[in-house]
There are 2 protein chains.
Amino acid sequence: MQNNKFELDGWKLTTHELDKENKRFQESLTSIGNGYMGMRGMFEESYSGDKHEGIYLAGVWYPDKTRVGWWKNGYPEYFGKVINTVNFMKLAFYIDGAEVDLYTDTISDFTHELDMYNGLLTRFFIITKGTKRVKFTVQRFVSLATKELCAISVQFENLGAAATIKVASAIDANVTNEDANYDEKFWQVVEKEVVATDGLLVARTIENNFDIPQFTVGFKMTHEQTGFAVQAAVETEQEIVTNYEATIETGEKVVLEKRILVVTSRDFETVESIKEQLNSLTQTLASSTYDEIKTAHQTLWHRRWDLADVEIGGDVSAQQGIRFNIFQLFSTYYGEDARLNIGPKGFTGEKYGGATYWDTEAFAIPFYLSLAAPEVTENLLDYRHQQLPQAQHNARQQGLAGALYPMVTFTGVECHNEWEITFEEIHRNGSMVYAIYNHANYTGDESYLLTKGIDVITEISRFWADRVHFSKRQGQYMMHGVTGPNEYENNVNNNWYTNYMAQWTLRYALETLPKLSAEKRESLQITAEETAKWSDIVEKMYLPHDEQEDVFLQHDTFMDKDLTPVAELDPASLPLNQNWSWDHILRSPYIKQADVLQGVYYFPENFTLEEKKRNFDFYEPLTVHESSLSPSVHAILAAEIRYEEKAVEMYERTARLDLDNYNNDTEDGLHITSMTGSWLAIVQGFAGMRVSDHELSFKPFLPEKWENYRFHINFRGRLLLITVTTAGTDVKLIKGEPLTITVDEKPRVLKVEEAAK
Amino acid sequence: MQNNKFELDGWKLTTHELDKENKRFQESLTSIGNGYMGMRGMFEESYSGDKHEGIYLAGVWYPDKTRVGWWKNGYPEYFGKVINTVNFMKLAFYIDGAEVDLYTDTISDFTHELDMYNGLLTRFFIITKGTKRVKFTVQRFVSLATKELCAISVQFENLGAAATIKVASAIDANVTNEDANYDEKFWQVVEKEVVATDGLLVARTIENNFDIPQFTVGFKMTHEQTGFAVQAAVETEQEIVTNYEATIETGEKVVLEKRILVVTSRDFETVESIKEQLNSLTQTLASSTYDEIKTAHQTLWHRRWDLADVEIGGDVSAQQGIRFNIFQLFSTYYGEDARLNIGPKGFTGEKYGGATYWDTEAFAIPFYLSLAAPEVTENLLDYRHQQLPQAQHNARQQGLAGALYPMVTFTGVECHNEWEITFEEIHRNGSMVYAIYNHANYTGDESYLLTKGIDVITEISRFWADRVHFSKRQGQYMMHGVTGPNEYENNVNNNWYTNYMAQWTLRYALETLPKLSAEKRESLQITAEETAKWSDIVEKMYLPHDEQEDVFLQHDTFMDKDLTPVAELDPASLPLNQNWSWDHILRSPYIKQADVLQGVYYFPENFTLEEKKRNFDFYEPLTVHESSLSPSVHAILAAEIRYEEKAVEMYERTARLDLDNYNNDTEDGLHITSMTGSWLAIVQGFAGMRVSDHELSFKPFLPEKWENYRFHINFRGRLLLITVTTAGTDVKLIKGEPLTITVDEKPRVLKVEEAAK
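Please read these numbers as outputs of a predicted model, since none were measured by experiment. (Residues numbered from 1 in each chain as written. Chains lettered and ligands numbered in written order. Predicted model: local features only at pLDDT ≥ 70, side-chain atom pairs only at ≥ 80, totals over all residues. Heavy atoms only, no water.)

## Considering the overall build of chain A
Note the threshold: Segments assigned H or I by DSSP are reported as helices when at least four residues long, segments assigned E as strands when at least two residues long, and all are numbered from the N terminus. Only C-alpha atoms enter the radius of gyration; for comparison, a globular chain is expected to reach 2.2 Å times N to the power 0.38, where N is the number of residues. Summary of the burial criterion: residues with accessible area below 20% of their type's maximum are buried, those above 50% are exposed, and those between are partly exposed, where the area comes from a 1.4 Å probe applied to protein chains only. For this analysis, residues touch if any pair of their heavy atoms sits within 4.5 Å. For the area figures, the Shrake-Rupley method with a 1.4 Å probe applies, and any residue is considered shielded solely by the protein chains shown. We score Asp and Glu as negative and Lys and Arg as positive, and we do not count His or the chain ends. Think of each charge as sitting on NZ of Lys, CZ of Arg, CG of Asp or CD of Glu.
When helices and strands are counted, chain A shows 20 helices and 31 strands. For 757 residues, the compact-globule estimate of 2.2 N^0.38 gives 27 Å, and chain A sits close to it at 27 Å. Here the C-alpha coordinates of chain A stretch approximately 85 × 65 × 55 Å along the principal axes. Counting across all 757 residues of chain A, residues that qualify as buried make up 66%. Sequence separation of at least 24 residues holds for 67% of the intrachain contacts in chain A that already meet a minimum separation of 6. Surface summary for chain A: the accessible area is close to 26100 Å², and the carbon and sulfur share equals 47%. Here chain A contributes 72 positive and 113 negative side-chain charges, whose respective centroids are spaced 2 Å apart.

Shown next as structure tokens:
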């Protein structure tokens, strides 16, 4: 855990300290986004200290070459990289010709504040240079109302002797990537235009050798100002700069507003059409003031919060945690664009290539199912359905039938290039099917399953059927050479979770086939031989189990390990991934994230409470939770077996994972997809929400420290508000048809209260 | 298998076909070297077709950055690359101003010939351009007499109308590496000098970020000519070129000889001293003609052959194979420089980084023990002894005690960067100890073992003792997470071979300690606690064994695999490494190279013939021999259990592995270290040579197709000549004290024949 220097507050992240040693950490925490673009909490103006500047555009990336595993067939050719886009926020401030640099200057009254309710990032600070003393107020947001818009406002208030203030406002294409292999530049300037103080720059990603289309992006900056003597914009090779200058007396203020519009070739194909769109958006916004566009933006954030806010009484730390997670999730993805998915770092960093992982299906879909319109989930399912041909290609790369969804991708084609993940962490395929099942189960609507979902399920079934082998020695089907969700073991045989998911997929496919229309069934061309094989595998699948401990066995030889619990390790060795060599980790019994327990979590009806407890008791003491995805599953299971203290501990870890830097890597960016975990821990954990056999149920408990908590969910066309207090659980139907639910195993009939109708 | 287009001949590789489709393959086969430098059989002059040009200098390399496994602690920072040096052979030929290019020109009477007896590479060809017709004779060698010297002679004979011949002779620093990641250039020019037709160029490897010293290399070219009108040399930025021109009448000849001297900072530190050495060598050689320096060179090759030649009667293909292997091995390494080792590709390519592998200890040391002076083997052992601190560093990188010798290295520090190899293929440590044991056993002299060898053995013992773990469940010591010699399985548990080598090492250490001097023993600081632990591990080491098949078990779950033999596979799937995805290979039971059988081979006394047979019968049908190191061990074991046909099949595969391109990758370079395999197959296989308990024994058989075979060996100060014919086995003592040996289990007393004394 690390002190983030931000104050505890339900709606804000506010700090009065510029933590120069940990600037990257603070930048990550103060990231903002609107699903279309976003950026780290970097300063607009020059800062000479250590920093990690990054502005990212959804769906804009570069296929960088990779040279690993050259002797291993089946590897992907490139790794898709999220690329830091052209720096369109760039400003430089000068007081009497001396540039402002918060790393070296004398600063006072520093405040940096992320307002989550309003979606605003604001800074205040006073710079003193001799007798000169200027107060800066810098605010920015990326608009929910106009996705292409980033707006920045800077106010300069002279608190000292009369001074000349100069501002240079730029669009700068000379940017690098934090994770570039050889300091490559990924952008080239295509066009520049300057009209008065407006600047327009079009840049294109550099060529690649993998037939991936280049992206073209247009940026247009306009300015509004009060009190400046204007100078026209100038161009250099990589940059457009507009300079402003004002001499202001003591007590006077000047204000500069910068608006940047960003249009990409994902929406407008040609440079001409990009420019037209930029100019048209500029026109549309021209009549609105900064305050007006800000209000439009804030209103949309308020609407999101009305539907999704989780209120926690009596624990401001927990409250801040859950809201921070929801804010960052919605900043990354709100389901408007079916071509996009939820990158593990969103717009807050470059690590992991930033593309699509199985996190979406395992952790994000339950969140969006409950908190957003049904189309959002269907968009996420469709994303995979559209990429079925690429998933078939991935399976073919391994010489296998059916489809293998990628570990990391932008296009559906696998990008990841570590064999033990790329080729072996195939349990991900199970989560693709689980998400379709989850959607049908939660919504009660099987139409997606029976039309599109089954396409994916069939191809994944074909994959599993080809990937298992029959062991004559054991008389069972087995799956060798896999990596389970616990990536701290690689290339194991018969990972229980993977084998279970394969068996479950085949069974679910067999159960679903009879429900299909004749036409649909025909189109899938499933032979009798195939279904016979699937049935045989379902029947004879080997699911390792340890007799002595009576637990599901993580994989064949797990019990031969030295099973010292985490609690007995030297604390200096944690986190293991920063202190132990990779081989040491692999040999150890320590579990990065829920593995057997992931399966137990996915299918609550399939296991008895005793089984859940035994497996939790065995695996939890060996779990180091060094994946951000780990604690939430443990929180939910702990809650179910009424290990309340453990559930709360796990909740806190997931809710404040980034705020408190639990894994010591938040400086690289936020763990966006795992942020759903804190919501899952409250809703599926503390409140015990389940949907089984068309029945919605809750079995809540109230964490000891909390006074109460409440949250909304969407369920089958209704909006519900659940409130848990010491007095008990109240469930209100806010909107929709009457509904019978179960609370603490007793039925309740819900109707919308008259006044609310 | 691929037709190499070279004729079968006992001493030569001769082709009359320029195989443009397979030029790289032919280039590999026509490589030459002198232990100090060497090059592929590239043409001196321009060739516009596909080719792989490479000239390499022993011990000159570059640490290239690597970005794999960034989240895995313990990885090396760089990968050492063999770098293609400055092209000092470069020539260009012009006939009446038109450049000669064998790819596009009309050629006739083409001959390319590697003369292994004399160490010469010669080409003849006639170029016809209209009425012009010129016969070229191009010869080169790298001198055994003056290691820094490469000599090239070109004769132009006019067979057509009078023509102007122009030759440009250059030293060109503008070279790239076949395996560069980003087409980086590794050389920069430091100095150039031109005096008349002589040129001197000094180049330096570019800077690196890993504190590896840069290499500086000086090249000096001088020329002798008859019949040319001389022009002075000229410089460009990266190149020095000397131009010659002659107009010659029909029937006339002109000759140009080019000598290049190469001096590196490995021997002379400063640019000044490099230049001095170049000039001094030039002076020394100035009085010798091309024929004189050639004769000096040839004489030394003849001397080598006198000691090491293997003669095979009745099978010219087998004869060519064994001589080709010995020629290429001696071209790579003849033991003159203790700072060098035997790269897997020698001077014939860049693949594998070209540095030091465990191949040396496992396969090359037995060869040099028998065929070279004892100092050569001791130099090879010393190489590892000197690198003990680096091996300790490698172990520390993994958080382990003792020493871990690297998989790939130039300096002793691990360069390899695949975790399943770097961290897991630790059986290599066992071969370091085996080589010391092998030396003591073969020579009968334990002084190396007891002075330096034990330093290495102690530290490796400490490594094993830390790397095993005690499984409470099984009550035994185990070793999880290893890769055995069969690299087609990774991260397995309890690889029999690795566990056996660890147990053997600890036992050997415990047996050796009492023999040490008190002082030596003191210096090792081995505690009683340590030896107690070692004894405990020796006693309780788990060595997997399968009851049903009664074989040593390759690793814990091997029998659960689908054990279809190789013979039943679709032949189109072979070689697997070019047709199957990596995960498919890993899941399969197919064995790249001897694994269990490697252990059986290492310790012939430790296993009964029945055990050898059972394990061979079980594992050989699953072995695909896709490592060049594989067939020799199988040949030797097959010979021992009198599977003569199989032994010959395996011999042929190892002897002509590159000549017939068995693994379809000879175009990348020759498999130098595995070339010892054909010698081992004859000597340890067919002739059944063993050294056990100070006794040298043979148990020969004569392959059916052969009329006879004979070879020399060094043994404990003697030189022996062994001749095997249909009539039986003759062993002659050529030099040294009388000796009793065993042939076919009967003793023979050998004395030098009077006449030979």
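Still more ground to cover, so stick around.
## So, the UniProt feature "binding site: substrate" (unreviewed entry) in chain A
Residues and elements named next belong to chain A. Convention followed: UniProt positions are given in the numbering used here, feature names are shortened, and annotations may be inferred rather than shown by experiment.
Mapped onto this structure's residue numbering, the UniProt feature "binding site: substrate" (unreviewed entry) falls at Trp-358, Asp-359, Lys-592 and Gln-593. With respect to the secondary-structure elements, Trp-358 resides in the loop between helix 4 (316–332) and helix 5 (359–371). Sequence-distant contacts of Trp-358, defined by excluding residues within four places in its chain, comprise Arg-384, Met-407, Glu-425, His-427, Arg-428, Ser-431, Met-432, Pro-485, Tyr-497, Gln-593, Gln-598 and Tyr-602. Mapped onto the fold, Asp-359 is located in helix 5. Under the relative-accessibility criterion, Asp-359 is labelled buried at 7%. Beyond its immediate stretch of four places on either side in the chain, Asp-359 contacts Ala-364, Leu-629 and Thr-673.

## Section: the relation of the copies chain B and chain A
The criterion, for reference: Copy-to-copy superposition: least squares on the C-alpha atoms, limited to residues that have pLDDT of at least 70 in both copies.
Least-squares fitting of chain B to chain A yields an RMSD of 0.0 Å, with the superposition described by an axial translation of 0.1 Å and a rotation of 180°. Considering both components of the superposition, the chain copies are consistent with a two-fold axis. Interface residue correspondence from chain B to chain A reaches 100%, placing this contact among same-surface, isologous pairings.

## Some details on the interface of chain B and chain A
To keep it simple, the criterion reads: As a working definition, buried area equals the accessible area (1.4 Å probe) given up by two parts on being put together, with both sides summed. Note on definitions: salt bridges are taken to be side-chain nitrogens of Lys or Arg within 4 Å of carboxyl oxygens of Asp or Glu. The definition of a polar contact used here is a pair of N or O atoms within 3.5 Å, where within protein one atom must be able to donate a hydrogen and the other to accept one, and adjacent residues in sequence count solely through side-chain atom pairs.
On the chain A side, the residues contacting the 56 residues of chain B number 56 residues. Between chain B and chain A the total buried area reaches about 4800 Å² when both faces are included, carbon and sulfur atoms providing 50% of it. Across the contact surface, chain B and chain A share 4 salt bridges. The closest approach of N and O atoms between A:Asp583 and B:Arg467, which form a salt bridge, is 3.8 Å. For the pair chain B and chain A, the number of links is 16 residue pairs in polar contact (both at pLDDT 80 or more).

## A look at unusual backbone geometry
All names here are of chain A. With an omega of -10°, the peptide bond running from Leu-574 to Pro-575 counts as cis. Relative to the helices and strands, Pro-575 resides in the loop between strand 24 (551–552) and helix 14 (576–579). Even without being glycine, His-694 reaches a positive phi, approximately 65°. In this structure, His-694 sits in the loop between strand 25 (690–692) and strand 26 (695–698). The exposure class assigned to His-694 is exposed, which follows from its relative accessible area of 55%.

## Side note on the sheet that holds strand 15 (residues 198–205) of chain A
All names here are of chain A. Note the cut-off: Two strands qualify as a pair provided that DSSP identifies no fewer than 2 bridges between them. What counts as an axis is a line fitted to C-alpha atoms, over the stretch in contact for a helix, and the angles between N-to-C directions run from 0 to 180 degrees.
Across the sheet, which stays open at both edges, the 9 strands sit in the order 1-9-10-11-12-19-16-15-14 with antiparallel pairing between neighbours. Only two strands of the sheet have a single partner each, and these edge strands are strand 1 (12–15) and strand 14 (187–195). Adjacent strand axes in the sheet meet at a mean angle of 15° when their direction is disregarded. When strand 16 (residues 216–226) meets strand 19 (residues 253–264), the two strands line up antiparallel, connected through 10 bridges.

## Focus: the pattern of salt bridges
Residues and elements named next belong to chain A. Under the counting rule described, the total for this entry stands at 102 salt bridges over all chains. A salt bridge links Lys-612 to Glu-640; the nearest nitrogen and oxygen atoms lie 2.6 Å apart. Of this pair, Lys-612 sits in helix 17 (residues 609–619) while Glu-640 sits in helix 18 (residues 630–640), and the two are 28 residues apart along the sequence. Under the relative-accessibility criterion, Lys-612 is labelled buried at 4%.

## Observations concerning the packing of helix 7 (residues 388–397) of chain B against helix 10 (residues 447–467) of chain B
Residue and element names in this part refer to chain B. Heads up, the condition is: Roughly parallel here means an angle under 35 degrees, roughly antiparallel means over 145, roughly perpendicular means 65 to 115, and every remaining angle is called oblique.
Interaxial distance between helix 7 and helix 10 falls to 11 Å at its minimum, and their mutual angle equals 5°. Classed by the angle they form, the pair helix 7 and helix 10 counts as roughly parallel. On helix 10, the residues that touch Leu-388, Gln-392, Ala-395 and Arg-396 of helix 7 are Asp-455, Val-456, Glu-459 and Phe-463.

## Observations concerning the domain arrangement of chain A
All names here are of chain A. Quick note on the threshold: Note that the domain bounds were set by an automatic or database domain assignment. When residue character is reported, Ala, Val, Leu, Ile, Met, Phe, Trp, Tyr, Cys and Pro are called nonpolar, Asp, Glu, Lys and Arg charged, and the others, Gly included, polar.
By domain assignment, chain A separates into domain 1 (31–273) and domain 2 (307–649 + 670–679). Just the C-alpha atoms count here: the centres of domain 1 and domain 2 sit 38 Å apart. Summed over both partners, the interface of domain 1 with domain 2 comes to about 2800 Å²; 61% of that surface belongs to carbon and sulfur atoms. Of all residues in domain 1, Tyr-75, Phe-79 and Met-116 give up the largest surface area on contact with domain 2, accounting jointly for 22% of the area buried on that side. Between Asp-267 and Arg-339 there is a salt bridge whose closest N-O contact spans 3.0 Å. On the surface where domain 1 and domain 2 come into contact, there are 11 residue pairs in polar contact (both at pLDDT 80 or more). Where the side of domain 1 that touches domain 2 is concerned, the elements lending two or more residues are strand 2 (32–33), strand 3 (37–39), strand 4 (55–57) and strand 6 (78–82). If one sorts the elements of the side of domain 1 that touches domain 2 by residue count, strand 6 sits on top with 5 residues. Of the residues contributing to the side of domain 1 that touches domain 2, the split by class is 16 nonpolar, 14 polar and 7 charged.

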